[in-house]
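# Close look at the chain arrangement
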Amino acid sequence: MSTVPAKRKPSDYKSELKPIWCPGCGDFGVLASLYRAFAELDLDPANTVVVSGIGCSSRLPGFVSTYGFHSLHGRPLPVAMGVKLANPDLNVIAVGGDGDGFAIGAGHFPHAARRNVDITYLVMDNEIYGLTKGQVSPTSLTDQKAPSTPWGNLETPLNTLAFAVASGASFVARGASFNTKALTELIVQAMEHKGFSYIDALSPCVMFNNHQEEWKELVTDVAPDHDVADKTAAFDLALKGGFKMGILYREQRATINEKYAALVEAAKDSDLETMLEAFNARKGAAIGKPTV
Amino acid sequence: MARKSVVIRLAGESGEGVISSGDILTQAAARGGYWTQTFRTYPAEIKGGPCMYQVRMGEERIYSHGKDVDLLVCFNQEAWDLHWDSLGPDGVILFDETAVDIPEEYAARARPVRMEKLAKEIGGSLRAKNMVAVGAVAGVISFNTTPIEELVLRRYAHKQGVADANIAALRAGGDESADLRGSLAITDPVEVEADRILMSGNQAIAVGAIAAGVKYFAGYPITPASDILEWLSAKLPQVGGITIQCEDEIASISSVLGASYAGVKSMTATSGPGLSLMTEMLGYAGTAEIPCVVIDAQRGGPSTGLPTKTEQSDLQHALYGGHGEAPRVVIAPITVEDCFWATIDAFNYSERYQVPVILLTDQGLATRMEVIHKPDTDLIELWDRRTSAGLDREYKRYELTEDSISPMGIPGEEGGQYVSTGIEHDELGHPAYTPENHVAMQTKRWAKLEPLKNGIVRHEHYGEEQPEIAIIGFGSTYGAVREAIDLARAEGASVGAFYPRVLGPFPGEQVTAFAAKARRVVVPEVNFTGQLARLVRGECGIPVESHAKCDGLPFTAEDVLDVIMERIPS
Ligand SMILES: Cc1ncc(C[n+]2csc(CCOP(=O)(O)OP(=O)(O)O)c2C)c(N)n1
Ligand code: SF4
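Our subject in this report is the structure included herewith. (Residues numbered from 1 in each chain as written. Chains lettered and ligands numbered in written order. Predicted model: local features only at pLDDT ≥ 70, side-chain atom pairs only at ≥ 80, totals over all residues. Heavy atoms only, no water.)

### Digging into the overall build of chain A
Along the backbone of chain A there are 10 helices and eight strands. Out of the 292 residues belonging to chain A, those deemed buried represent 57%. Long-range contacts, defined as pairs at least 24 residues apart, comprise 69% of the intrachain contacts of chain A with a sequence gap of at least 6. Of the roughly 12400 Å² that chain A leaves accessible, carbon and sulfur atoms contribute 55%. Taking the average location of the 27 positive side-chain charges in chain A and that of its 32 negative ones, the two points are 4 Å from each other. (Helix = DSSP H or I, 4+ residues; strand = E, 2+ residues; numbered from the N terminus. Buried < 20%, exposed > 50% of the residue type's maximum accessible area, 1.4 Å probe, protein only. Contact = heavy atoms within 4.5 Å. Areas by Shrake-Rupley, 256 points an atom, 1.4 Å probe, with all protein chains shown as cover. Lys, Arg positive; Asp, Glu negative; His and termini not counted. Charge placed at Lys NZ, Arg CZ, Asp CG, Glu CD.)

Here it is, written out as structure tokens:
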């Protein structure tokens, strides 16, 4: 009699390290959602890679029992791309903070999106720099006072969802650490999505930017009849005030991984000897001493 | 008497056919069984500006591009103005009769060629100008035009009319220089092997990477490294690999580390400004112990500097650039042939020691064409990284082993899970900041490179082993130094050169031993501050004389000969 192997449990994805986050940090909710999503997808820990940059939130891979790549500030996306292109069979998820992803790392975001690299990017958006102790981030509100903006923030926050849609991300969604059920579901869908999936997860920094209560007031779900294939409608939702929760945009288009796989399949027909022979100085020449 | 080698310099405006003439001549010479080396200068502008293509060809292996020009071909007046003083004492001049005025005193050795006129009359378009020029050159050096005609026929295999016109232009060019025919005749190649190849340094690196098993290349265009990106974009998929043009150098190196972490051999190629951007990630690779190969085709600096000129000024950046003492290996290949082998070495060291390897070439070496021996692929030996597969003990990513090399878990491998991190970590890879742990890990990361100092590395020795005048150099200056040593020894000088392939970790003991009996130690290099000289002083504690120059041009053998002869003890 064959037995169905038991599905993995969320706790199976816990590493031996205890999260070092401040008690109450939103990142705990994101981590819990990630464990649950991984369990729901029954991901093989040996076949899964969590990539991050630098920041409080980027410590996350350390708390997961899969493979992990805690890279440099702002670099999770190109690292994750390299991992996924090198081995398309791996489940690859990049995680990090809003500062990591949209300040120092902003140059990489539109390119990962337009390439449609088959990875999920989960940003723990606390609208602040946590690890460096509370300076403003690209998503901080105008007029916000912080150690680096004692006179108030002069800048306009970046609308990361609109940016994602504009950049060509093929899956754009928003969740929140304080609604782990919905966030778990979004992570599951994002990981199942073939292509670049972006999730902005509101994740309050209780130390430096505790907006959890205000945010709870501002969240509303995307209407059930919202057409996720409609880019203009997605922009509308992204640009509306408040936080629209759920999937704003989804499109199915070929991933760069699939394109490369097809390219390599079509091109593969050579070897080192043939390549060296192409440089042969006497290729096709009548061999022998030339006559003058 | 026929000469063993000639130096031909073609000069004109870029877009006039100078480069294509040089290319055809080089390829034909190679087909005809000659050894060649080329050298070119070109403007940084996209279109227009003076450009020059120098071909040195001869019956014996050629190591440098040559100094005195035997045959100068001027496509326009500026070409004459810029290059007349490179002419050797018996140098011959060919020039387009409509475009150039040659001063009276040179008239006797100058021959007008109706380049434009014949091109239009016979070739049917100005495009054939290059063939007229090549024909005229072939006549003067008594070079059999068969290989050239073969090349033309191959290139225009489907356009008989164009092929015919080009061949007619070629022959007409030969008639133009009939009265100088054979005045610079070169001796026929003696031994003509079938297995010689003609390639540039960049191409040798790209093919070397394929030989080493590269499966992921990411890069961002920059002169003079872009050919590697371009060539691999065409070829890597043919052997099952991927090439990607990233949004910048930071993404390139980051993705290379991601790919290497995932288990495939990975590489990027850049020049100085790009290397600067990669520095932070190189430190990460050193700390997290991820193999990767970075090609730095150096160009003139500082800053965006002289993008189309050569310099060896990234040495210190390659060795030390970055914060916090992360280990890396720096290799400098010395010839085009060596670019192939050094790239394989780079992958081997990188994989075995789980360390980033920077391969330092420069504009001169990267872009010059050389006829070389076809690499014997049976001699290729590939080293692989140590992985966690099949371990019969508890898996620790950064285990302190006897040789300080730890098993690397490869995603997909059961039981090898770990988190790669640039944060100081313990054997398990967990963040750990204790003084003991940091000392242990720094020690491990540097100790594993010890074998690279002691023996496994190829060095190049030329000339006397214990010379009175010892030359220590690196990279592309080797060819000129080698020829200079031949010339100096012919005059009775006791001179020899030592070229370490691996500069970091520096083989201080070998260099010191080599220079032990020397009366003078000279370090020629193409930069302003004498970076290698300082390195030798620091690592070996011996007095050395720096001979650094930074005019954007490679050394000639004659330059180096002067340096040697000035120092002959009297
Ligand atoms: C090149 C570089 N610059 C600056 C830093 C310092 N730094 C570390 S984390 C961080 C900001 C992190 O903010 P965010 O990404 O929003 O993450 P959070 O800590 O809020 O989760 C900065 C500026 C760094 N590590 N590297
Ligand atoms: S500082 Fe803020 S973001 Fe960092 S762990 Fe504490 S609460 Fe979380």
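### Some remarks on the interface of chain A and chain B
Taken residue by residue, the interface counts 59 residues in chain A and 75 residues in chain B. Counting the contacts that link chain A with chain B gives three salt bridges. For the salt bridge of B:Lys374 with A:Glu277, the shortest nitrogen-to-oxygen distance reads 3.3 Å. Where chain A touches chain B, the interface holds 24 residue pairs in polar contact (both at pLDDT 80 or more). Mapped onto the side of chain A that touches chain B, the elements with two or more residues apiece are strand S2 (67–70), helix H2 (76–86), helix H4 (109–115), helix H9 (256–267) and helix H10 (272–277) of chain A. The dominant element in the side of chain A that touches chain B, judged by the number of residues it contributes, is H2(A), at seven residues. Taken together, the residues of the side of chain A that touches chain B sort by class into 29 nonpolar, 17 polar and 13 charged. (Salt bridge = Lys/Arg side-chain N within 4 Å of Asp/Glu carboxyl O. Polar contact = N/O pair within 3.5 Å; in protein donor to acceptor, adjacent residues only side chain to side chain. Nonpolar A, V, L, I, M, F, W, Y, C, P; charged D, E, K, R; others polar.)

### Comments concerning the pairing of strand S5 (residues 171–176) of chain A
Residues and elements named next belong to chain A. With six of its six residues buried, S5 lies for the most part within the structure. The alternating pattern of S5 places Phe171, Ala173 and Gly175 on one face and Val172, Arg174 and Ala176 on the opposite face, and all of these are buried. Sheet topology note: the S5/strand S6 (residues 197–202) ladder contains six bridges and is parallel. Residue pairing for S6: Ala173 is matched across the bridge by Ile199. The parallel pair S5 and S6 is bridged by helix H6 (residues 180–192), and the resulting crossover is right-handed. Across four bridges, the pairing between S5 and strand S8 (residues 243–250) is antiparallel. Within S8, the position partnered with Arg174 by the bridge is Gly246. (Pairing = 2+ DSSP bridges. Right-handed = clockwise from strand over helix to strand, strands pointing away.)

### Here we look at the site of ligand 1
The immediate surroundings of ligand 1 are formed by 17 residues, with A:Cys56, A:Ser57, A:Asp100, A:Asn126 and A:Gly130 found nearest. Residues lining ligand 1 come from chains A and B. In the model, an oxygen atom of ligand 1 is placed 2.6 Å from a nitrogen or oxygen of the A:Asp100 main chain. Coverage of ligand 1 by the protein amounts to 77% of the 590 Å² it exposes when considered alone. If you tally residues by element for the shell around ligand 1, the top one is helix H3 (residues 98–104) of chain A, at four residues. Split by residue class, the shell around ligand 1 holds six nonpolar, eight polar and three charged. (Near = heavy atom within 4 Å.)

### Some remarks on the sheet that holds strand S13 (residues 356–362) of chain B
Residue and element names in this part refer to chain B. Reading across from one edge, S9-S8-S10-S11-S13-S12-S19 is the order of the seven strands in this open sheet, with mixed pairing throughout. Each of the sheet's edge strands pairs with one partner strand only, and the pair in question is strand S9 (242–245) and strand S19 (502–504). For this sheet, the mean angle separating the axes of adjacent strands, direction not counted, is 20°. The strands that helix H12 (residues 336–353) touches are strand S10 (266–270), strand S11 (292–298), strand S12 (329–331), S13 and S19; relative to S13, the one it contacts most, it runs at about 165°. (Axes fitted to C-alpha atoms, helices over the stretch in contact; angles between N-to-C directions.)

### Describing the pattern of salt bridges
Pairing between side chains of opposite charge can happen when their charged atoms approach one another. All names here are of chain B. Enumeration according to the criterion identifies 41 salt bridges over all chains in this entry. Across the salt bridge formed by Asp70 and Arg3, the nearest N and O atoms sit 3.2 Å from each other. Remark: Arg3 occurs in the segment before strand S1 (5–13) and Asp70 occurs in strand S4 (residues 69–74); sequence separation between them is 67 residues. For Arg386, the salt bridge identified is with Asp403, shortest N-O distance 2.7 Å. You can see Arg386 sitting in the loop between strand S14 (369–373) and strand S15 (419–421) and its partner Asp403 sitting in the loop between S14 and S15, a full 17 residues away along the chain. With a relative accessible area of 34%, Arg386 lands in the partly exposed category. Here Asp403 falls in the partly exposed class, since its relative accessible area comes to 34%.

### Let's talk about the state of the cysteines
Residue and element names in this part refer to chain B. Under the counting rule described, the total for this entry stands at zero disulfides over all chains. A disulfide-free cysteine, Cys246 has its sulfur positioned 13 Å from the sulfur of Cys292, the nearest such atom. Of the residues examined, Cys292 reaches a relative accessible area of 1% and is grouped as buried. (Disulfide = S-S within 2.5 Å.)

### So, the packing of aromatic side chains
Going through the model one piece at a time under the given rule, you end up with 27 aromatic pairs over all chains. Judged by centre distance (5.2 Å) and plane angle (75°), the rings of B:Trp80 and B:Tyr106 are edge-to-face. One end of the pair, B:Trp80, is in helix H2 (residues 77–83); the other, B:Tyr106, is in the loop between strand S5 (87–96) and strand S6 (110–113), with 26 residues separating them in the sequence. Each member of the pair B:Trp80 and B:Tyr106 is classed as buried. Here a set of aromatic residues connected by ring pairs shows up, and it is made of A:Tyr67, A:Phe69, B:Tyr261, B:Tyr284, B:Tyr398 and B:Tyr418. Over the aromatic face of B:Tyr418 sits the side chain of B:Arg397, whose NZ or CZ is 5.3 Å from the ring centroid. (Phe/Tyr/Trp six-rings, centres within 6.5 Å; stacked < 30°, edge-to-face > 60°. Lys NZ or Arg CZ within 6 Å of the ring centre and 35° of its normal.)

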